[in-house]
Amino acid sequence: MKKIIKFLWALFFYIFLFPVTILVIVFGPLMTFLDLLDVYKLEAPRLGMGLGVIAFLGFILFLSMKYHSLSWIYRKFPVLLPFFQMCFVSFIVMDLSLTFANLWADRMIIGKTVAIGLSVLTILIGRAFLSYWYYKYPISYKMVR
């Protein structure tokens, strides 16, 4: 019975949860960047995914890496793990920069110049973090493990 439940969970995970999560995480930063450009062009707020939804997607990715029955895809295609990590961090960074833009466009808490500066600074800090992380732990190191 336990093997059947594990099989059904893995089947549900790889048919429904994982593909949807991957689609959102891979294309999410691009969609959020286009929303960010729309906020500054149209001067109207746009709705982002929200950090709660991104945290849930991160939890799904964590499950896919943690459990042996779900992590077979990373053993078969080792480059997927760093790629998904880069997309996930980029998604968080883009959502934070959209939040700064919405502080200007929706609530007028900060000025437009400050909002643009904070958005660009957030993107630069996220990129610097990814550069440092993959300098310290190269992708080739992760593929050998």
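Nothing here was measured: the structure is a model prediction, and the numbers come from that model. Counting from 1, residues in each chain are numbered in the order their sequence is written. Only residues with pLDDT of at least 70 are given local features in this predicted model, and only at 80 or more are side-chain atom pairs given and counted; all residues enter the totals for whole chains, interfaces and linings. Working from all heavy atoms in the structure, the side-chain values ignore hydrogens and water.

Before going further, it helps to examine the overall build of the protein chain. Secondary structure counts use DSSP, requiring at least four H or I residues in a row for a helix and at least two E residues in a row for a strand, with both numbered from the N terminus. Helix and strand counts for the protein chain come out as 6 helices and 0 strands. Ordered by position in the sequence, the α and β elements of the protein chain form the string α-α-α-α-α-α. Principal-axis analysis of the C-alpha atoms places the extent of the protein chain at approximately 60 × 35 × 20 Å. Residue contacts follow a heavy-atom distance rule, with two residues in contact if any of their heavy atoms lie within 4.5 Å. Nonlocal contacts in the protein chain, meaning residues at least 24 apart in sequence, comprise 73% of its contacts between residues at least 6 apart. Under the convention used here, a 1.4 Å probe and the Shrake-Rupley method define accessible areas, while residue burial counts only the protein chains that appear. Total accessible area on the protein chain stands at roughly 9400 Å², and carbon and sulfur atoms take up 75% of it. Only four residue types enter the tally: Lys and Arg on the positive side, Asp and Glu on the negative side, with His and both chain ends excluded. In plain terms, the charge of a residue is placed at NZ if it is Lys, CZ if Arg, CG if Asp and CD if Glu. Here the protein chain carries 14 positive and 5 negative side-chain charges, and the mean point of each set is 25 Å from the other.

Stacked, tilted and edge-to-face are the three classes assigned to paired rings of Phe, Tyr and Trp, where Trp is represented by its six-membered ring and a pair needs centres within 6.5 Å; plane angles under 30 degrees give stacked, over 60 edge-to-face, the rest tilted. Counting across every chain of the model gives 15 aromatic pairs. Ring geometry for Phe18 versus Phe84: centroids 6.2 Å apart, planes at 80°, classification edge-to-face. Linking Phe18 in helix 1 (residues 2–42) with Phe84 in helix 4 (residues 80–105), this pair joins segments that are 66 residues apart in sequence. Across the pair, exposure class does not vary: Phe18 and Phe84 are buried alike. Burial classification: accessible surface area is computed with a 1.4 Å probe over protein chains only, and a residue below 20% of its type maximum counts as buried, one above 50% as exposed, and the rest as partly exposed.

Taken N-terminus to C-terminus, the directions of helix 2 (residues 51–66) and helix 4 make an angle of 170°; their axes are 11 Å apart at the nearest point. By the criterion of interaxial angle, the relationship of helix 2 to helix 4 is roughly antiparallel. Seen from helix 2, the contacting residues are Leu51, Ile54, Leu57, Gly58, Leu61 and Met65; seen from helix 4, they are Leu81, Phe84, Gln85, Phe88, Phe91, Ile92, Asp95 and Leu96. Class assignment of the residues belonging to the contact of helix 2 with helix 4 gives a composition of 11 nonpolar, 2 polar and 1 charged. Helix axes use the C-alpha atoms of the stretch in contact, all axes being lines fitted to C-alpha atoms, and the angles between their N-to-C directions lie in the range 0 to 180 degrees. Any angle that is under 35 degrees is reported as roughly parallel, and any over 145 degrees as roughly antiparallel; angles of 65 to 115 degrees are reported as roughly perpendicular and all others as oblique. Amino acids outside the nonpolar list (Ala, Val, Leu, Ile, Met, Phe, Trp, Tyr, Cys, Pro) and the charged list (Asp, Glu, Lys, Arg) are all regarded as polar, and Gly is one of them.

Now for helix 2. To estimate how far a helix should extend, the number of its residues minus one is multiplied by 1.5 Å. The first and last C-alpha atoms of helix 2 sit 22 Å apart over 16 residues, in line with the 22 Å expected at 1.5 Å per residue. Regarding helix 2, the residues found buried are Ile54, Leu57, Gly58, Ile60, Leu61, Leu63 and Ser64. On its buried side, helix 2 packs onto helix 1, helix 3 (72–76) and helix 4.

Close contact between helix 4 and helix 5 (residues 112–136) brings their axes to 8 Å; oriented N to C, the two are set at 165°. With respect to helix 5, the axis of helix 4 lies roughly antiparallel. Crossing hand, helix 4 versus helix 5: right-handed. Counted together, Pro82, Gln85, Met86, Val89, Ser90, Val93, Met94, Leu96, Ser97, Phe100, Ala101 and Trp104 of helix 4 and Lys112, Ala115, Leu118, Ser119, Thr122, Ile123, Gly126, Phe129, Leu130 and Tyr134 of helix 5 form the full contact between these two elements. Of the residues belonging to the contact of helix 4 with helix 5, the class tally is 15 nonpolar, 6 polar and 1 charged. Each crossing gets its hand from how the near helix is turned against the far one by less than a right angle, where anticlockwise is left-handed and clockwise is right-handed.

In short, shape yes, function no, at least from these values alone.
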